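# Commentary on secondary and tertiary structure
The chain contents come next:
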Protein chains: 4
Amino acid sequence: MSLREKKTAKKKADILRSAVEVIAEKGYHATTMEDIAAKLLMTKGSVYYYFKDKQDLLYQSYKMLLEQSNKMITEIINMNLPIKEKLEKVMKSHIVFIISERSSYGLKVKPEHYFEGEQLEIIFGLQENYANSFDQLIEEGIQAKIFSEVDVKIVRNLIIGAMNWVIQWYSTEGKKSAEEMAEIISEYLMKILIRS
Amino acid sequence: MSLREKKTAKKKADILRSAVEVIAEKGYHATTMEDIAAKLLMTKGSVYYYFKDKQDLLYQSYKMLLEQSNKMITEIINMNLPIKEKLEKVMKSHIVFIISERSSYGLKVKPEHYFEGEQLEIIFGLQENYANSFDQLIEEGIQAKIFSEVDVKIVRNLIIGAMNWVIQWYSTEGKKSAEEMAEIISEYLMKILIRS
Amino acid sequence: MSLREKKTAKKKADILRSAVEVIAEKGYHATTMEDIAAKLLMTKGSVYYYFKDKQDLLYQSYKMLLEQSNKMITEIINMNLPIKEKLEKVMKSHIVFIISERSSYGLKVKPEHYFEGEQLEIIFGLQENYANSFDQLIEEGIQAKIFSEVDVKIVRNLIIGAMNWVIQWYSTEGKKSAEEMAEIISEYLMKILIRS
Amino acid sequence: MSLREKKTAKKKADILRSAVEVIAEKGYHATTMEDIAAKLLMTKGSVYYYFKDKQDLLYQSYKMLLEQSNKMITEIINMNLPIKEKLEKVMKSHIVFIISERSSYGLKVKPEHYFEGEQLEIIFGLQENYANSFDQLIEEGIQAKIFSEVDVKIVRNLIIGAMNWVIQWYSTEGKKSAEEMAEIISEYLMKILIRS
DNA sequence: CATGAATGAGGCTTCATTCAT
DNA sequence: TATGAATGAAGCCTCATTCAT
């Protein structure tokens, strides 16, 4: 990658990060290209040099978020840890990620409304991959007789829902840090799974 | 209330219900007045006969949802039932309500972004009331030594989050009815609270 | 005229008066049918029983004002008074009329923009009649060697302009009554005409 | 000021001038953004690039007119001329200005209906400044025993009213040029003041 | 590359007008 | 007669997008 390419890539990443933040805060439709550009002291026009259109920006932001989540969960799955600790680690990472990025917006949205064709397939694929990884961990725990025999998909959805909701109520001004909160939450959620 | 007044009230309620559905489906900003009106075979203009503006429509829809939720939870609280059953009943009602209204959108939104002044206070008040009622049930269970000694607010938020998320994944075309699903979910979520 | 017809006529007159007031205050386009009706505790719908449309209301109001002005000036012309006193009387009446009706709006407007065809001709006719009457008085004064030999049309326009403008600055809360103010103004304006 | 800034300033001025003309012709409410833009072969959208909204356009047009008037009257006041000639010059300039700009609409309007807050204060300030300058000239003439001892404010209002009214009746297609007409009018109006 | 400017489609809102009751 | 409701045209305004410089 040449210097120029690197610069371009960096700029693209900057814009994506800015977009993620603003869209997460205000929602896709309420966010204007102006908003995204202004945050980077750019003009609207410049953003169009790097991204085809607003929809493209949304797609790439969302994709980036999902890829990061998938990367994270894959790494943890491949660690050499007891299943319970693995799942806890995933939950904690998920929560900290949501809080730090102040988003998960991608996850709150019905992708069918925003994407179509190939884009939609890719997004679905990434979401499915994450869900499957999650399910895999739950199933592993069940087989190890550490988790009780729950309906995997339902429980996965409950846990993800509870976690994604955190952004609605967690305040960075409160007493607990994101890590502490993630610790507490994952412990509570684990109760749904642990055999009693 | 005269016949005419009743008709007007009904129409208003119809519009609110339509608005709730569409906004829940597409989000506030992506929803047009046209969408809301078309669903009722009305014209945009007519909607303005009943509601001041789009914002007013959002406010009244949201308020209606919250009031219904509060009514529901209050009724259950006043029933003569064991605490565990009360909380389960609340959860089941919450889930069935969300699925049937195809919304909870109100609940997924940061009210500060959409309301201000007196409206915001009223909305906050209603939300707080619901949260407090929920907390009250949890605390009662803790005192009765039936629930374990959790952080009430955090657990409440987790449970509500998990439930509100249902709309993201539950499909009315699946095998389970809303009631069955609510039954299963409340059982799982109860595990967070029950002493082991 | 039957009782019913009388009632109708009265109602029409009421509406016209209301319309005159509101339109004078806010201007034709800024005035809504609602405004006019509300002032009489009526509904918009009712107004349409008496007047074809908004334009008709404007036309008839304007016509009424002009007819009243013409009636007034004709009456004064036919009085047995010295010419100077006649013209003063006309000016005072004009001013008091404007202040009391809080209008003259008709007069501030270019009729070509609001009327066409027969309506426009009638309005022009009434305006012309008023102007001619005014001119007639001025000419009479000139012939009597009491007024100096001015360009009649120009002076008439200046005087009418100065008078119509009164509504812009006269405050009913000030010290002087409409009549006192009319007295003072007509004295000043007379100076344009009086031989020195 | 860079070239680009100059261009922008020019465009803004163009739009203001266009707005002044159309609003003077049809009135604020009857004027559409389309009208204003079309006159300059622009699209509505472009106008919004330069002005926040229609109200802003009105405010800035009106302000510009008043500022020009104030500049004019101040310059004349500072000239070294007999008081009578000064006042005549002011009147003639006022009239020519009104005719050439085809407006004075600003001056025919009650600012309270269109502006509020700071805008209203600024407009009132500019109007007051003009009125005060006018009064100052009249008072100077009175003290010099050249004008008779009139009520300054009333006479000022009469003169301004008579002048602003000119736009209602002066036709550019008539025999007299704007300058000639201004000459004649100022002579007539001066009679209100001159001692006899 | 970046930006100021321009555009046009689309959404919100108002309001004159109509009409069934 | 009177009115509550409904309608649709028209006007304001925003904003994604394009383009010349």
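These numbers were taken from a predicted model, which means no experiment stands behind them.

With 34 residues of chain B at the interface, the matching set in chain A holds 34 residues. Where chain B abuts chain A, roughly 3000 Å² becomes buried across the two surfaces, and 64% of that area is made up of carbon and sulfur atoms. Considering only the side of chain B, the residues that lose the most area to chain A are Leu158(B), Trp165(B) and Tyr188(B), jointly responsible for 23% of the buried surface there. Viewed at the interface, chain A and chain B are joined by zero salt bridges. For the interface between chain B and chain A, the tally reads eight residue pairs in polar contact (both at pLDDT 80 or more).

Let's shift gears to the UniProt feature "DNA-binding region" (unreviewed entry) in chain A. Following the UniProt record, the feature "DNA-binding region" (unreviewed entry) maps to residues 32-51 of chain A here. This span, residues 32-51 of chain A, is 70% helix and 0% strand, and a straight line between its end C-alpha atoms measures 14 Å.

Another aspect to go through is the protein's contact with DNA strand F. Taken together, 30 residues form the shell around DNA strand F, and within it Thr8(B), Ser46(B), Tyr50(B), Ser46(C) and Tyr48(D) come nearest. Within the backbone of Met33(A), an N or O atom sits 2.8 Å from a phosphate oxygen of DNA strand F. Residue Lys44(D) places a side-chain N or O atom 3.5 Å away from a base nitrogen belonging to DNA strand F. For the surface near DNA strand F, the residue count by class is eight nonpolar, 12 polar and 10 charged.

Here the focus is the protein's contact with DNA strand E. Around DNA strand E, the surrounding shell holds 30 residues, and the nearest of these are Ser46(A), Tyr48(B), Thr8(D), Ser46(D) and Tyr50(D). Backbone atoms, meaning sugar and phosphate, make up 83% of the atoms of DNA strand E lying within 4 Å of the protein. Taking Tyr48(B), its side chain carries an N or O atom lying 2.6 Å from a phosphate oxygen of DNA strand E. Contact distances for DNA strand E include 2.8 Å between a phosphate oxygen and a backbone N or O atom of Met33(C). Among the secondary structure elements, those contributing two or more residues to the surface near DNA strand E are helix 1 (3-26) and helix 3 (44-50) of chain A, helix 3 (44-50) of chain B, helix 3 (44-50) of chain C together with helix 1 (3-26) and helix 3 (44-50) of chain D. Split by residue class, the surface near DNA strand E holds eight nonpolar, 12 polar and 10 charged.

Take chain C, turn it by 179 degrees, move it 0.2 Å along the axis, and it overlays chain D with an RMSD of 0.3 Å. These values place the two chain copies in the arrangement generated by a two-fold rotation axis. Within chain C, the C-alpha atom positioned nearest to the axis of rotation is that of Ala162(C), 2.0 Å from it. Mapped onto chain D, 97% of the interface residues of chain C again fall at the interface, so both copies present the same surface.

This part is about the domain arrangement of chain A. All names here are of chain A. Its domain assignment divides chain A into domain 1 (1-51) and domain 2 (53-193). Using only C-alpha atoms to locate each centre, domain 1 and domain 2 end up separated by 25 Å. Each side of the interface is counted separately: domain 1 has 14 residues, and domain 2 has 15 residues. The junction of domain 1 with domain 2 conceals about 1400 Å² of combined surface from both sides, 74% of it contributed by carbon and sulfur atoms. Ranking the residues of domain 1 by area buried against domain 2 places Val-20, Tyr-28 and Phe-51 at the top, with a combined share of 42%. In this assembly, domain 1 and domain 2 are joined by zero salt bridges. Across the domain 1-domain 2 interface, the total number found is four residue pairs in polar contact (both at pLDDT 80 or more). Broken down by secondary-structure element, the contributors of at least two residues to the side of domain 1 that touches domain 2 are helix 1, helix 2 (33-39) and helix 3. Broken down by element, the residue count for the side of domain 1 that touches domain 2 peaks at six residues, all from helix 1.

It is worth spelling out the relation of the copies chain B and chain A at this point. Under the fitted operation, chain B is carried onto chain A by 0.2 Å of movement along the axis and a turn of 179 degrees, and the coordinates agree to an RMSD of 0.3 Å. Mapped onto chain A, 97% of the interface residues of chain B again fall at the interface, so both copies present the same surface.

In the Ramachandran plot, Leu41(A) falls in the positive-phi region, its phi being about 55 degrees despite a non-glycine side chain. Here Leu41(A) lies in the loop between helix 2 and helix 3.

Once that is clear, we can look at the pattern of salt bridges. What the rule picks out here adds up to 49 salt bridges over all chains. Glu67(C) is paired through a salt bridge with Lys63(C); the nearest N and O atoms lie 3.6 Å apart. One end of the pair, Glu67(C), and the other, Lys63(C), are both in helix 4 (residues 54-77), four residues apart, so they sit about a helical turn from each other. The shortest N-O distance in the salt bridge between Lys26(D) and Asp35(D) comes to 3.2 Å. Take Asp35(D): its relative accessible area is 24%, and that puts it in the partly exposed class. One continuous salt-bridge network, built from bridges that share partners, spans Lys10(A), Asp14(A) and Arg17(A).

This paragraph deals with the environment of Ser61(A). Residues and elements named next belong to chain A. Here Ser-61 lies in helix 4 (residues 54-77). Judged by relative accessible area, Ser-61 falls into the buried class, the value being 0%. With 118 residues separating them along the chain, Ser-61 and Glu-179 place their C-alpha atoms 24 Å apart.

Rules of the game
Residues numbered from 1 in each chain as written. Chains lettered and ligands numbered in written order. Predicted model: local features only at pLDDT ≥ 70, side-chain atom pairs only at ≥ 80, totals over all residues. Heavy atoms only, no water. Contact = heavy atoms within 4.5 Å. Buried area = accessible area lost by both parts, 1.4 Å probe. Salt bridge = Lys/Arg side-chain N within 4 Å of Asp/Glu carboxyl O. Polar contact = N/O pair within 3.5 Å; in protein donor to acceptor, adjacent residues only side chain to side chain. UniProt positions renumbered as here; feature names shortened; annotations may be inferred. Helix = DSSP H or I, 4+ residues; strand = E, 2+ residues; numbered from the N terminus. Near = heavy atom within 4 Å. Nonpolar A, V, L, I, M, F, W, Y, C, P; charged D, E, K, R; others polar. Least-squares fit on C-alpha atoms with pLDDT ≥ 70 in both. Domains from an automatic or database assignment. Buried < 20%, exposed > 50% of the residue type's maximum accessible area, 1.4 Å probe, protein only.

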